[in-house]
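Chain by chain, the residues run as shown.
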Amino acid sequence: MTAPASDDDVLAALGIKPELSRKMGVFGNFAISFSVICILAGGMSLFGFGLGHGGPVVMLGTWIIIGFMTLLVGLSLADVVSAYPTSGGPYFMADKLGGAGWGWVTGWLNLLGLLGAIAGIDYGAATFAGAFAQMQWAITPTDATTMTIFGCILLLHGLLNSAGVRLVTVLNSISVGWQLLGVAVMVGALTITPAQHQSASFVFTHFHNDTGFSSPLYVALIGSLLAGYTFCGYDASAHVAEETNDAQTSAPKGIVRSIWVSWAAGFVLLAGLLFAMQDYTATQNSATGVPPAQILLDVLGASGAKALLLVVIVAMLFCGNAEVAAASRMVYAFSRSRALPGWQSWRIVNDRTKTPTRAVWFVIVVPFVLALPALFSPAAYGAITAINAVGMTPAYGIPVLLALAKGRDYRPGPWSLGRWRKPIGYVAVVYVVVITLAFCLPQSTPITTESFNYAGVTLLAALLLAWGTWLTRGKQQYQLTAAHTARPGEAMISEGF
């Protein structure tokens, strides 16, 4: 264990000129990853998926297993983050440990995953807002109205993130309390109010299969995606490392804490909903389109359901705002390395707020464009946003694998797993491979254009994009740290507005 150097000295040793404002502490760093994981977003959005893909026993059982395995990945990634605490996150680590090619591919996977996550989170918030509108004003949401709400949410997040990291940190800190209190209030209400609860036997052992597949093991594997998709985004702590004090220890702690707190609170949330569910079939086929909303309606009535649905929607808004912050820092860092078309613009830092404002609007506009196919085909939209988990999860595993491959040449930072680094790391890498493959498996049969799981196709497309751009421009332009010093005639790296 080595004593941590000053944050700016660490960046200088990595070849990076400090440009961002360090306004974030250890709690703020934890808060951004916890906000991005957002159990009230992932757990509620995918609750209906879980009901049809294994039911309660798979939902709770795989939450425990996937949460534990995610914690191992988080611990391993945190070890590497401590050695390389930069806004680039996984791609910077992969480049340092394995070379430029690894950095390029990891960067594109991480970037596409982050952009897909913003599209999925904020579009999900728009969908829940539509369900609320139907309950409150009997307004039936359409694809066009959902897209309009989605655009307004993105615009809000762009404005909030443009104001600077201090406001983002305050909002993330509020988000932690909002989510934990929201879970406590929701589960408390669902525990006290119902005249009748489901039995413990039902909650912990009932298996339900609507997939068309006969193998319980296969159904459990694809059912694990409820937890697998939820436990994404904890790399946010790495992406804001250049804005975090004592980043070599604060960022790793932020990753690990966000996972285990989400793990515990998410289990309580899922169990509370399952115990309170009144009618399985009616919940699955809810007129609101949101199965958890039906549970709230059945138990608490319209007023209580609407109040708690608002809690969920606000949590989703916090989640999307935090993801925009993380993604914009990744775009900023990737542009410093000249990886993106128009990199000269996306690397610019606002003089007043010390925020990469142009990168913020990049990650607002691109997800909106990605979501436009939802107006015409839910399957096309699903194919695009599927890159969220299948892009981000491998991006977490690659730096861990490369650090293990370095052997004795790997030099950990002050936050280190020590002798546990190798056994935990190898298990984490195997899990990343398994869960990534699980993301790509067919989720129902018969397989049609609407039911087809496009995650594998999306992952292949992302890898081909990374490989193709590496051959056409990456080899010539990509430089991990050389872009931090502007050459004569290049754009300045700050702006005055």
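Residues numbered from 1 in each chain as written. Predicted model: local features only at pLDDT ≥ 70, side-chain atom pairs only at ≥ 80, totals over all residues. Heavy atoms only, no water.

Engineer: So, the overall build of the protein: which residues are in play, and what are the values?
Structural biologist: Scanning the protein for helices and strands turns up 22 helices and four strands. What you see for the protein is a C-alpha radius of gyration of 22 Å, in line with the 23 Å of a compact globule of 497 residues. Across its three principal directions, the C-alpha atoms of the protein cover 70 × 50 × 40 Å. Classification of the 497 residues of the protein by burial places 58% in the buried group. Of all intrachain contacts in the protein linking residues separated by at least 6 positions in sequence, the fraction that spans at least 24 positions is 85%. For the protein, the accessible area works out to roughly 18,300 Å², and carbon and sulfur atoms hold 67% of it. Averaging the locations of the 24 positively and 21 negatively charged side chains of the protein gives two centres separated by 10 Å. (Helix = DSSP H or I, 4+ residues; strand = E, 2+ residues; numbered from the N terminus. Rg over C-alpha atoms; globule rule 2.2 N^0.38 Å. Buried < 20%, exposed > 50% of the residue type's maximum accessible area, 1.4 Å probe, protein only. Contact = heavy atoms within 4.5 Å. Areas by Shrake-Rupley, 256 points an atom, 1.4 Å probe, with all protein chains shown as cover. Lys, Arg positive; Asp, Glu negative; His and termini not counted. Charge placed at Lys NZ, Arg CZ, Asp CG, Glu CD.)

Engineer: Outline the packing of aromatic side chains, supporting the account with residue identities and numerical values.
Structural biologist: One pass over the structure, following the stated rule, counts 22 aromatic pairs. The interplanar angle of 45 degrees and the centroid separation of 6.2 Å between the aromatic rings of Trp104 and Phe334 together place this pair among those described as tilted. In this pair, Trp104 is assigned in helix H7 (residues 100-137) and Phe334 in helix H16 (residues 291-336), connecting sequence segments 230 residues apart. Both residues of the pair, Trp104 and Phe334, belong to the buried class. By the ring-pair criterion, three or more aromatic residues cluster together here, those being Tyr91, Trp104, Trp108, Phe334, Trp470 and Tyr478. (Phe/Tyr/Trp six-rings, centres within 6.5 Å; stacked < 30°, edge-to-face > 60°.)

Engineer: Summarise a nonpolar patch on the surface; cite the residues concerned and give the values.
Structural biologist: On the surface, a nonpolar cluster with roughly 310 Å² of combined accessible area is contributed by Leu167, Val170, Ile174 and Trp178. Looking at Ile174, the relative accessible area reads 43%, which means it is partly exposed. (Patch = residues over 30% accessible without salt bridge, like charges linked within 9 Å, V, L, I, M, F, W, Y side chains within 5 Å. Salt bridge = Lys/Arg side-chain N within 4 Å of Asp/Glu carboxyl O.)

Engineer: Just give me the short version of the pattern of salt bridges, but keep the residues and values in it.
Structural biologist: Under the defined criterion, the tally for this structure stands at three salt bridges. The salt bridge partner of Asp8 is Arg22, with a shortest N-O separation of 3.8 Å. Residue Asp8 is found in helix H1 (residues 7-13), and its partner Arg22 is found in the loop between H1 and helix H2 (26-37); the two are separated by 14 residues along the sequence. Judged by its relative accessible area of 41%, Asp8 falls in the partly exposed class. The residue Glu242 makes a salt bridge to Arg336 at a minimum N-O spacing of 2.8 Å. Of this pair, Glu242 sits in the loop between helix H13 (236-239) and helix H14 (247-276) while Arg336 is found in helix H16, placing the two residues 94 residues apart along the sequence. Accessibility expressed as a relative area gives 2% for Glu242, which makes it buried. A residue is classified by how much of its surface remains accessible, and Arg336, at 2% relative accessible area, is buried.

Engineer: For the nonpolar core, give the residues involved together with the corresponding values.
Structural biologist: Counting residues in each nonpolar core, the largest one holds 145 residues, and the members touching the most others are Leu40, Met186 and Phe334. Looking at this core, the element that brings in the most residues is H16, giving 20 residues. Filtering out sequence-adjacent residues up to four positions away, Leu40 remains in contact with Gln179, Val183, Met186, Leu269, Val311, Val312, Ala315 and Met316. Counting residues in hydrophobic clusters, the runner-up holds 10 residues, among them Met24, Ala322, Ala325 and Ala326. (Core = buried A, V, L, I, M, F, W, Y, C linked by side-chain atoms within 4.5 Å.)

Engineer: Residue-level account of the side chain of Arg421, with values.
Structural biologist: The topology assignment puts Arg421 in helix H21 (residues 421-439). For the buried Arg421, which has no salt bridge, the nearest side chain bearing the opposite charge is Asp79, at an N-O separation of 4.6 Å. If we ignore the near neighbours within four places in the chain, the residues touching Arg421 are Asp79, Ala403, Leu404, Gly407 and Tyr410.

Engineer: If you had to explain the packing of H7 against H16 to someone new, which residues and values would you point to?
Structural biologist: In contact at an axis separation of 8 Å, H7 and H16 are set at 155 degrees when each is read in the N-to-C sense. With respect to each other, H7 and H16 are oriented roughly antiparallel. In the packing of H7 onto H16, the handedness of the crossing is left-handed. A class-by-class count of the residues in the contact of H7 with H16 yields 27 nonpolar, six polar and three charged. (Axes fitted to C-alpha atoms, helices over the stretch in contact; angles between N-to-C directions. Parallel < 35°, antiparallel > 145°, perpendicular 65-115°, else oblique. Left-handed = near helix turned anticlockwise from the far one by under 90°. Nonpolar A, V, L, I, M, F, W, Y, C, P; charged D, E, K, R; others polar.)

Engineer: If you had to explain the environment of Leu217 to someone new, which residues and values would you point to?
Structural biologist: Note that Leu217 resides in helix H11 (residues 216-223). Of the residues examined, Leu217 reaches a relative accessible area of 70% and is grouped as exposed. Placed 159 residues apart in sequence, Leu217 and Val58 show a C-alpha to C-alpha distance of 9.9 Å.

Engineer: Run through H2, naming residues and quoting values.
Structural biologist: Compared with an ideal rise of 1.5 Å per residue, which puts 12 residues at 16 Å, H2 spans 17 Å between its outermost C-alpha atoms and is within 8% of the ideal. Extensive coverage of H2 is indicated by the burial of 10 of its 12 residues. Among all positions of H2, only Gly28, Asn29, Phe30, Ala31, Ile32, Ser33, Phe34, Ser35, Val36 and Ile37 are buried. Taken together, the buried residues of H2 touch helix H3 (39-45), helix H9 (165-192), helix H12 (225-230), H13, H14 and H16. Note on H2: the residue one or two positions beyond its end, Cys38, has a positive phi of about 45 degrees. (Expected span 1.5 Å × (residues − 1).)

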